[in-house]
Amino acid sequence: MSGSRAVAPAVTTPRLGLPNLGFGLGLRSPHFPAWLRDGSRSDWIEAISENFMDSRGRPRRLLRELAEQRPVVLHGVALSIGSTDPLDLAYLAALDDLAREVDAPYVSDHLCWTGVGGEVSHDLLPIPRTEEALRHVVGRVGEVQDRLQRRLVLENPSRYLDFKASTLDEPSFLAAVAEEADCGILLDLNNVVVTCRNEGSDPQAFVAALPVERIVQVHVAGHVDLGTHLLDTHDAPVPDQVLGLLRELLERAPELPVLLEWDAQLPTLAELDDELDRVRAAARGETVAASPLERSRSHEGGAPVPQPWPVMTPHWDAPREPDA
Amino acid sequence: MNLAELQATFLRGVRDPGGEAGHAAEALVVSSGPGLVTYSGAYWTRLLEAARELFPVTRATAGDEVFDALVSDYLQAHPPAGTNLTHLGADLAEHLGRTRPRNEDWAELLEELVVFEQAVLEVFDGPGEEERSLLAPEALARFTPESWLAAVLVPVPSLRLLRFRHRVSEHWLRVRAGGEATPTEEHLAPSEEYLTLTRQDYRVRRQVLPAASWPVLSALVDGRSVGDALSELRFDDHPELDLETAVGEWFRSWCAAGFFLDVSET
């Protein structure tokens, strides 16, 4: 089924000329008070675009405030670049507006589709990796970059199945999209581990097959092992296997922005700062101890849900309760 | 099968993995694990969890089982179409209004709670007036009685007028403060509640309105002149009020509460 594909000559400028932002944290609404009150050792912030694009209230104002303190990258979950529905031009206009407002150095989303026929699944659905899909995605990335007048960076999502129609392996497809559409790659190393375990492939070979100059950013996160498969839950410390892939990647490309994602069973911001320090140390090649956040995780009350979680949970410091 | 057909088939299978749609989607894929079920489970769990976050008091009042059933029924009829999950329940009240049992106070209370919680969300994150100057009560002093009747007030974009058949906001505040979610007989008993929601300094504000003032404020928000709005007053319905004094106080309090951006003389 999945073969590789000849890739166009690589560009030579690291990160496509985009900045090395350092080590960052994903912005999650329950942490807003701590961000404003105590700050963080995070060099930069990644904000979920959809949580702020439509906001005309406190969330957007607070994001603007944070953007004055450190770089903010917008990371989307609903661009649906692989969908056969027309591109949502209102969505792109709102994204453009927000990106300008926070002076985002680039915007990212996922190499996936989230809906079709006007329905939105709010999930990152896998693309059948065919020539038809490749042509389709490449065309849409070009249109998005033209409209936004900035670089789009696409992430490999976690996968729990594959389409029988796929003819390309995933790294070849990702590389071909990046090369032919001239966009960047957000390499999620946790997703690489999850996908490769679920389909029985080699995560090191996955990473090695990508054009390293097009990798603009890295995600690290934790997952849960359900026995039959791994689930990308973002509710655990970064596992050793992911840290190992990070070290190997940074030997090839020493200056890549690294972002720690954590969405469920959320620790405090101070605890995430410590976890980010652990990632920093591992990236320097140091041997790191087990994370203090490694604790028994409870999934009582239902199966864990793959992340990222796109809803902006209204846990702001000023509660939205009306005054009595 | 082209890409569009494949995606439509797959998404139908995600929404309904146990039926024919699920079988059709399964035929498209390979997986060594649960595969399609993982996506389907995530789809329904994520949407339900979002609805629980967005309507916490409706959920607490209904109980998890009833709430989840209501939301699942709603989502079957209204698959999400927007990219922002915060808008997931925009049509939930309308759906409950069509499908809930008639003549059941608890069901009506749930519908009204959804209306209230949706309005709070919209006011919290919608357009506000934080960077604009509002109409101050003193601005009304420049009008002569005649010019005042012809005046038209411009409401702030966050202003919502809400009218309930139960004491919805009282119940809501009680539950949010940690009180018992099971509605009291008092909260279930029909007892009209007239409210406004606005936003100031990014905080949602609730104000309870005197029943007599409701038709006046409604008419003003509809863009009618002060004179027109006052013609909605039903003096006979409120023999207890000194309406002349009350009306003056209403306008002053509405301006003080930041209900209006401006006033124009027509």
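Since the structure is predicted, the reported quantities are computational estimates derived from the model, not experimental observations. (Residues numbered from 1 in each chain as written. Chains lettered and ligands numbered in written order. Predicted model: local features only at pLDDT ≥ 70, side-chain atom pairs only at ≥ 80, totals over all residues.)

Description of the overall build of chain B
A count of helices and strands for chain B gives 13 helices and six strands. Here the C-alpha atoms of chain B give a radius of gyration of 24 Å, more than 25% beyond the 18 Å that 2.2 N^0.38 yields for 266 residues. Oriented by its inertia axes, the alpha-carbon framework of chain B measures out at about 80 × 45 × 30 Å. By the burial criterion, 38% of the 266 residues in chain B qualify as buried. (Helix = DSSP H or I, 4+ residues; strand = E, 2+ residues; numbered from the N terminus. Rg over C-alpha atoms; globule rule 2.2 N^0.38 Å. Buried ≥ 20, exposed ≤ 12 C-beta atoms within 10 Å, placed from the backbone.)

Structural notes on the environment of A:Asp274
Residues and elements named next belong to chain A. Here Asp 274 shows up in helix 10 (residues 269-283). A tally of 14 C-beta atoms within 10 Å means that Asp 274 is categorised as partly exposed. Residues Asp 274 and Leu 293, 19 residues apart in the sequence, show an inter-C-alpha distance of 9.4 Å.

Section: the interface of chain B and chain A
On the side of chain A, 52 residues touch chain B, which itself brings 50 residues to the contact. Those elements giving two or more residues to the side of chain B that touches chain A turn out to be helix 1 (3-15), strand 1 (29-30), helix 3 (36-54), helix 7 (105-125), helix 9 (168-176) and strand 5 (203-208) of chain B. The residue makeup of the side of chain B that touches chain A, split by class, is 28 nonpolar, 15 polar and seven charged. Direction of pairing for strand 6 (residues 162-163) of chain A relative to strand 1 of chain B: antiparallel, over a ladder of two bridges. If you follow A:Phe163 over to strand 1 of chain B, its bridge partner there is B:Val29. (Contact = placed C-beta atoms within 7 Å. Nonpolar A, V, L, I, M, F, W, Y, C, P; charged D, E, K, R; others polar. Pairing = 2+ DSSP bridges.)

Some words on the sheet that holds strand 5 of chain B
Residues and elements named next belong to chain B. Read from one edge to the other, the open sheet built from three strands follows the order 3-4-5, with strand pairing classed as antiparallel. In this open sheet, the two edge strands, each paired with only one partner strand, are strand 3 (160-164) and strand 5. This sheet shows a mean twist of 25° between the axes of neighbouring strands, independent of strand direction. Pairing of strand 3 with strand 4 (residues 193-200), which is carried by five bridges, proceeds in the antiparallel orientation. The residue of strand 4 that forms the bridge with Arg 160 is Leu 197. (Axes fitted to C-alpha atoms, helices over the stretch in contact; angles between N-to-C directions.)

Topic: the nonpolar core
Counting 137 residues, the largest nonpolar core has A:Val177, A:Ile185, A:Val220, A:Leu246 and A:Leu260 as its most contacted members. Counting residues per element, this core draws most heavily on helix 7 of chain B, which supplies 11 residues. When residues no more than four places from it in sequence are discounted, the contact partners of A:Val177 are A:Leu111, A:Leu134, A:Val137, A:Val138, A:Val141 and A:Leu154. B:Val156, B:Leu209, B:Leu220 and B:Phe259 belong to the second largest nonpolar core, which has 14 residues in total. (Core = buried A, V, L, I, M, F, W, Y, C linked by C-beta atoms within 7 Å.)

Thoughts on the packing of helix 5 (residues 64-77) of chain B against helix 6 (residues 92-99) of chain B
All names here are of chain B. Interaxial distance between helix 5 and helix 6 falls to 10 Å at its minimum, and their mutual angle equals 100°. For the element pair helix 5 / helix 6, the angle class is roughly perpendicular. Of the residues in helix 6, those touching helix 5 at Leu 70, Asp 73, Tyr 74 and Ala 77 are Leu 92, His 95, Leu 96 and Thr 99. A class-by-class count of the residues in the contact of helix 5 with helix 6 yields five nonpolar, two polar and one charged. (Parallel < 35°, antiparallel > 145°, perpendicular 65-115°, else oblique.)

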